[in-house]
Amino acid sequence: MSIGTILLIILILILIGAFPSWPYSRGWGYYPSGIIGIVVIVVILMLLTGRL
């Protein structure tokens, strides 16, 4: 596995963990998972273009 694939798997797991499903994190909105989602999209684009 390349470093890009490992990074993508870790970011997807963080994205799932940042989803506001617990009562104390519902007030946060979708900001944590939104930011991590954008990072995942950027990493996927970099993998597809061969820059990572």
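To be clear, the structure that these remarks concern was listed above.
The paragraphs below set out a description of the structure included in this document. What you see is a predicted model, and the numbers here were worked out from it, not measured in a lab.

The subject of this paragraph is the nonpolar core. By size, the foremost hydrophobic cluster in this structure holds five residues: Leu8, Leu11, Ile36, Val40 and Val43. Of all the secondary structure elements, the ones that give two or more residues to this core are helix 1 (3-17) and helix 2 (31-49). Among the elements that make up this core, the one with the highest residue count is helix 2 (three residues). With near-sequence residues (within four places) excluded, Leu8 lies in contact with Val40, Val43, Ile44 and Leu47.

Turning our eyes to something else, we now look at the environment of Leu8. For Leu8, the location among the structural elements is in helix 1. Taking the relative accessible area as the measure of exposure, Leu8 reaches 18% and is therefore buried. Between the C-alpha atoms of Leu8 and Ile41, which are 33 residues apart in sequence, the distance is 9.4 Å.

Our focus in this paragraph is the environment of Ile41. Looking at the element boundaries, Ile41 is found in helix 2. By relative accessible area, Ile41 is classed as exposed at 51%. Sequence spacing of Ile41 and Leu11 is 30 residues, and the spatial spacing of their C-alpha atoms is 9.9 Å.

Conventions we followed
Residues numbered from 1 in each chain as written. Predicted model: local features only at pLDDT ≥ 70, side-chain atom pairs only at ≥ 80, totals over all residues. Heavy atoms only, no water. Core = buried A, V, L, I, M, F, W, Y, C linked by side-chain atoms within 4.5 Å. Buried < 20%, exposed > 50% of the residue type's maximum accessible area, 1.4 Å probe, protein only. Helix = DSSP H or I, 4+ residues; strand = E, 2+ residues; numbered from the N terminus. Contact = heavy atoms within 4.5 Å.

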